[in-house]
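Fold and geometry: a report
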Amino acid sequence: DRHITKKTKGVGRKSHGEADVPDTTSSEGPDKYSIDYMRMDSADQEKSRATMVMVNHKDGGIFSYATPGKGIQGDKYWLPKRMAKDIDNCGSKEVSLVQLKSDQEPAVVAVQEEIREVRRGRTICVNSPVGQSECNGRAENAIRRVQDKMRMLKCQVEIEAGAQADKMDDLI
């Protein structure tokens, strides 16, 4: 069992000497990412565009990908490739293990499994138990943040244009 430490002045002691303090900046576990789909227009969920949201647990970075619908069939196959590339670009390319977390929605699991296949690095998929979407809380929080930003953007565009957008899809 390896314990990484860094030298820090005055931490852990009353004197002003140096003390060994665990280095919380090094990550010994897998890099973790949570993913889930969202929709902006609540009136007609099935007809509105789906947006995949991914959050990096290490730094809280959020990615959103507007797609014509859920899953990876047809013209949506670019999604897992783009997400795998973004995971690698976040510094996870050289990491020994990446963990992809999601709920058990079939469309999300399909994307999750395809990312695992596309990435060259070792990737494991973890799904929350059925009926416990709160286990994917980071993704749900990221979705709320993306929705807030999109509403703010819609409002700003409407003010600048002097007209109302009927649906959020009109802006995406």
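All figures in this text were calculated on a predicted structure; none of them were measured in a lab.

The rules behind each value
- What you see as residue numbers is a count from 1 along each chain, following the sequence as written.
- Local features in this predicted model are restricted to residues whose pLDDT is 70 or higher, and side-chain atom pairs enter the listing and the counts only when it is 80 or higher, whereas totals over whole chains, interfaces and linings include all residues.
- Hydrogens and water are ignored here; the side-chain numbers use all heavy atoms of the structure.
- Throughout this description, the term nonpolar core refers to a set of buried Ala, Val, Leu, Ile, Met, Phe, Trp, Tyr and Cys residues connected via side-chain atoms within 4.5 Å.
- Partly exposed describes any residue whose relative accessible area lies between the buried limit of under 20% and the exposed limit of over 50%, with all areas from a 1.4 Å probe on protein chains only and scaled to the type maximum.
- One bridge is not enough; two strands pair if DSSP finds at least two bridges between them.
- Only DSSP runs of H or I covering at least 4 residues are called helices, and only runs of E covering at least 2 are called strands; the numbering of each starts at the N terminus.
- Interaxial angle, 0 to 180 degrees, is taken between N-to-C directions of lines fitted to C-alpha atoms, where a helix line uses only the stretch in contact.
- Any pair of residues with heavy atoms lying within 4.5 Å of one another is described as a contacting pair.
- We count a salt bridge whenever a side-chain nitrogen from Lys or Arg sits within 4 Å of a carboxyl oxygen from Asp or Glu.
- pLDDT is defined as a per-residue confidence score from the predictor, taking values between 0 and 100.

**A look at the nonpolar core**
Burial of nonpolar side chains together is a common tendency in soluble globular proteins. Core analysis: the biggest nonpolar cluster contains 18 residues, and Tyr37, Met52, Met83 and Val111 have the highest contact counts within it. Within the second largest apolar cluster, 8 residues are counted, among which are Met38, Met40, Val53 and Ala142.

**Focus on the sheet that holds strand β7 (residues 123-127)**
The 5 strands are arranged β5-β4-β3-β6-β7 in an open sheet whose pairing can be described as mixed. Only two strands of the sheet have a single partner each, and these edge strands are β5 (62-67) and β7. With direction set aside, neighbouring strand axes in the sheet form an average angle of 25°. Taken strand by strand, helix α2 (residues 106-118) contacts β3 (31-39), β4 (50-56), β6 (98-102) and β7, and its axis lies near 165° from that of β7. The sheet contacts of helix α3 (residues 137-161) involve β3, β4 and β5, and relative to β3 the element is tilted by about 50°.

**Some points on the pattern of salt bridges**
In a structure, side chains of opposite charge can pair up when their charged atoms sit close to one another. A full pass over the atoms with the stated rule returns 8 salt bridges. In this structure, Glu158 engages Lys154 in a salt bridge whose closest nitrogen and oxygen atoms are separated by 3.1 Å. On the criterion of helical spacing, the pair formed by Glu158 and Lys154 is a turn pair, its members being 4 residues apart in helix α3. The network of salt bridges with common partners includes Glu113, Arg116 and Glu117.

**As for the confidence of the model for the protein**
On average, the protein scores 78 in pLDDT, and the residues at 70 or more come to 72%. Note that pLDDT drops below 50 for residues 1-27; the model gives that stretch 30 contacts with residues more than four away or on any other chain.

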